[in-house]
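# Understanding the architecture of this molecule
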Amino acid sequence: MRYKKVATSVMSVALAASMIVPAQAAQDQGVVKTETVYVKADKTGNVKETIVSDWLQNASGSKTIEDTSTLNNIKNVKGDESFKTGKKNSVKWNANGKDIYYQGTTDQETPVQLKATYYLDGKETDPEKLDGKSGELKIKLTSTNSTDTAFTVMSMLTIPTEQCSNVSVTNGKVISDGKNEIVVGVMMPGLIDQLDLDDYNGDDYASVTIKCDIKDFEPVSIYNIAMNGLLNDINLDDTDELTDMLDELKDSSEKLVDGSKELSDGMSTLSDKAKEYTDGIAEYIKGVNKYTTGVSKVSSGLNKLAAGGNTLVKGSDDLATGAKKVDAGAGELASNMPTIAAGAKSVSDGAGALYAGLKQVQDQLSAQPDSLDLGVSEAQLNGLMNGLSQLKELSSTAEDLGKLIQAQQQVIATTKDENAKAVLEKTVAAEQQLLSKIAGMSSIVEQANSLAPKLQQLPQLANTYSTSMKQLKGGIAQLTKGAETLSSGSKSLAAGAATASKGSKTLKEGTKTLADGAKAISSGASTLNSGLGEAKKGTDQLTANNKALTENGEKINSASGAVKEGIGELEEGSKTLADGMFKFNEEGIKKGTDTASDLFDKMDDLIDKDADYKNFSGISKDMEGEVKFVIELQ
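Computed from a predicted model, the values in this text were never measured in an experiment.

We now examine the nonpolar core. A general feature of soluble globular proteins is that nonpolar side chains tend to end up buried together. Ranked by internal contacts, the top residues of the largest apolar core, which has 46 residues, are L56, I65, W93, L157, F629 and L633. In terms of residue count, strand 8 (residues 112–120) provides more of this core than any other element does, five residues in total. Not counting the four nearest positions on each side in its chain, F629 is found in contact with V37, T110, P111, F151, N224, I225, A226, Y613 and F616.

Following this line, the structure appears as structure tokens:
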């Protein structure tokens with residue numbers, strides 16, 4: 001297909017470019033061995049076959065070439081020159097001054113291994129099942145390196161434009177020629193570990209991820225070229241000047257650390273002195289505030305006193321008037337208290353008599369039972385009621401017996417059997433006697449009928465009696481307790497009235513003194529009010545000066561606060577600068593220069609190892625060589 005042709009063309013150009021250097025080297029040396037290892041693998045990277053092609057460039061025109069090879073099935077692919085194999089994988093070619101092109105196979109594992117994983121719409125899938133599918137396709141190509149040699153892997157695949165869109169690739173480039181999307185990616189497996197970059201930022205240079213939207217997809221092959229030698233052109237001889245510059249940078253950084261430390265110490269001293277200054281200003285401001293506050297309070301107090309002076313004068317006048325009225329009222333109270341005391345004594349005596357009477361009733365009721373004893377049990381009462389019920393039934397029995405006698409008499413009058421007649425006559429005589437007795441009991445039955453309802457009410461009457469007795473006892477108990485409280489209170493009232501009667505005389509004497517004192521207070525209040533007016537004038541003048549004094553103090557305090565804050569910020573900034581310079585020097589400059597020096601050493605070692613790897617299947621000691629790997633995932 002046309003996209004396979006495009007891929008083949010691109011890879012051919014890459015291979016041709018990689019052969020230029022060995023060809024130039026062959027002009028200056030005897031024999032140069034250029035080796036290309038072709039690996040055919042399935043679409044996931046499982047190796048199916050490895051074919052190796054070697055080109056022995058015989059620049060010196062030697063008749064024979066001593067070679068070394070581990071390949072199987074070696075054959076000359078461009079001539080008829082013969083060869084012989086010997087010990088230790090030696091191969092001797094009869095070159096006759098010509099270049100030798102030969103090919104062989106091997107089961108040896110290549111140093112670079114590839115693995116491809118396919119995803120369709122986010123789910124891992126078998127690449128063999130992608131034929132004709134549509135959706136979001138992701139291919140992750142991962143490379144590993146089992147050697148210490150730095151290999152670079154270039155991967156490429158081509159997809160027709162009508163089958164894909166939105167193509168992207170990591171560590172690579174997407175090129176479109178209008179008909180195909182050509183995806184090229186670059187991997188350097190093992191480089192991060194070879195340089196021992198522990199603090200590396202985590203970018204993955206050992207893999208390439210390709211994403212695109214596919215439609216009616218036809219699976220494609222992925223072509224890869226792995227080669228070493230790209231680091232050979234890096235010249236690290238110029239790093240000496242850079243190393244000297246890094247050393248100079250370290251020395252300068254140390255000086256900056258020392259200078260920033262001295263600056264921080266100086267700012268700390270200045271901050272301490274500034275604190276002493278601002279503390280003094282603060283104490284001065286506190287004194288000013290206390291003074292102005294005191295003046296204000298005195299002024300406010302005098303204002304209140306002056307404002308209250310008039311009220312005091314009026315109040316003292318009112319006090320004198322009121323005291324005179326109180327004195328008159330106290331006299332009237334003193335004259336009426338004996339009558340009140342006598343009435344309280346009478347109430348106390350009556351309450352005592354009431355309590356004594358109720359207490360006697362309570363004691364009498366306590367002796368009475370709470371329930372009424374009927375003298376018969378409930379079972380006996382039920383039996384009596386059953387007997388009365390049976391007496392009621394005698395009347396109906398007498399009626400039935402009279403009818404029986406009439407029927408028997410009719411039989412006697414009509415029967416011809418003398419024996420039966422004699423028996424019936426005796427029976428009738430006995431029945432008539434019984435009927436006569438029943439008739440004699442009729443008065444008893446009537447009495448029983450009238451007694452039965454009363455007997456039925458006896459239990460209810462007994463319950464009513466019990467409930468009423470309990471309520472009566474409770475009520476009398478409450479009345480007795482209330483009468484006791486009333487008696488005790490009236491006694492206290494009588495005692496208090498007697499005391500009050502005596503006290504009213506003393507009160508009258510006191511109110512007289514009060515009236516005289518109130519009159520004197522009224523006179524003094526007028527004098528005090530006049531003095532307060534003069535004092536208020538003086539404090540008003542002091543209060544007028546407080547505003548200017550306070551404003552000046554606030555300005556000084558604000559300025560000193562700003563100075564202290566500025567010095568604090570300078571101190572904090574200088575400390576931050578010192579800490580930052582120390583950290584920058586330790587973690588930045590020192591670590592960076594040490595890391596750079598270490599990286600140069602590792603790069604130098606890696607370049608040496610890169611130059612040492614010249615062949616895959618074997619090479620003679622006196623040969624120069626180059627090897628590349630072409631891995632096709634199909």
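Moving on from the coordinates now.
What follows concerns helix 6 (residues 418–440). The terminal C-alpha atoms of helix 6 lie 33 Å apart, and with 23 residues this matches the ideal 33 Å at 1.5 Å per residue to within 8%. Taken together, the buried positions of helix 6 are V428, E431 and I438. Between the side-chain oxygen at the start of helix 6 and the backbone nitrogen of N419 there is a gap of 3.2 Å, and the oxygen is on D417.

Turning our attention to the environment of L157. Positionally, L157 belongs in strand 11 (residues 152–160). L157 sits 23 residues away from N180 along the chain, and the two C-alpha atoms are 10.0 Å apart.

With mixed pairing, the nine strands of this open sheet are ordered in space as 4-7-2-1-17-16-11-14-13. The open sheet has two free edges, formed respectively by strand 4 (72–76) and strand 13 (172–176), since each of these has just one partner strand. Strand-to-strand twist across the sheet, computed as the mean angle between neighbouring axes with direction ignored, equals 15°. Note: strand 4 against strand 7 (residues 100–105), three bridges, orientation antiparallel. Across the sheet, residue K75 finds its bridge partner in strand 7, namely Q103.

Applying the stated criterion to the full structure yields three salt bridges. Note that K403 and E399 form a salt bridge whose closest N and O atoms lie 3.9 Å from each other. With K403 and E399 both in helix 5 (residues 378–414), this residue pair falls four residues apart, about one helical turn. The partner of E626 in a salt bridge is K628, and the shortest N-O contact between them spans 3.4 Å.

Let us now look at the confidence of the model for the chain. Averaged over the chain, the pLDDT score is 79; the fraction of residues at 70 or greater is 78%. Here residues 1–27 is a poorly scored stretch, pLDDT under 50, and it has 42 contacts once near neighbours within four places are set aside; other chains count.

By the definition in use, this model includes six aromatic pairs. Summarising the aromatic geometry, the rings of W55 and Y101 are spaced 5.7 Å apart at their centres and angled 15° between planes, so their arrangement reads as stacked. Of this pair, W55 sits in strand 2 (residues 47–58) while Y101 sits in strand 7; the two residues are 46 residues apart in sequence, bridging distant segments of the chain. In this structure Y101 comes out as partly exposed when scored by relative accessible area, which is 24%. Taken together, the aromatic side chains of F151, Y613, F616 and F629 make up a single cluster linked through ring pairs. Across the ring face of Y101, the terminal group of K78 is positioned such that the distance to the ring centre comes to 4.3 Å. Directly above the ring of Y119 sits K138, whose terminal nitrogen or CZ lies 4.5 Å from the centroid.

Relative to the assigned elements, T149 resides in the loop between strand 10 (135–145) and strand 11. Given the relative accessible area of 6%, T149 is considered buried. Every residue in contact with T149, bar those within four places of it in the chain, is listed here: Q194, N228, K609, D610 and Y613.

Here is what the cut-offs are and how they apply
- Residues numbered from 1 in each chain as written.
- Predicted model: local features only at pLDDT ≥ 70, side-chain atom pairs only at ≥ 80, totals over all residues.
- Heavy atoms only, no water.
- Core = buried A, V, L, I, M, F, W, Y, C linked by side-chain atoms within 4.5 Å.
- Buried < 20%, exposed > 50% of the residue type's maximum accessible area, 1.4 Å probe, protein only.
- Helix = DSSP H or I, 4+ residues; strand = E, 2+ residues; numbered from the N terminus.
- Contact = heavy atoms within 4.5 Å.
- Expected span 1.5 Å × (residues − 1).
- Polar contact = N/O pair within 3.5 Å; in protein donor to acceptor, adjacent residues only side chain to side chain.
- Pairing = 2+ DSSP bridges.
- Axes fitted to C-alpha atoms, helices over the stretch in contact; angles between N-to-C directions.
- Salt bridge = Lys/Arg side-chain N within 4 Å of Asp/Glu carboxyl O.
- pLDDT = per-residue confidence, 0-100.
- Phe/Tyr/Trp six-rings, centres within 6.5 Å; stacked < 30°, edge-to-face > 60°.
- Lys NZ or Arg CZ within 6 Å of the ring centre and 35° of its normal.

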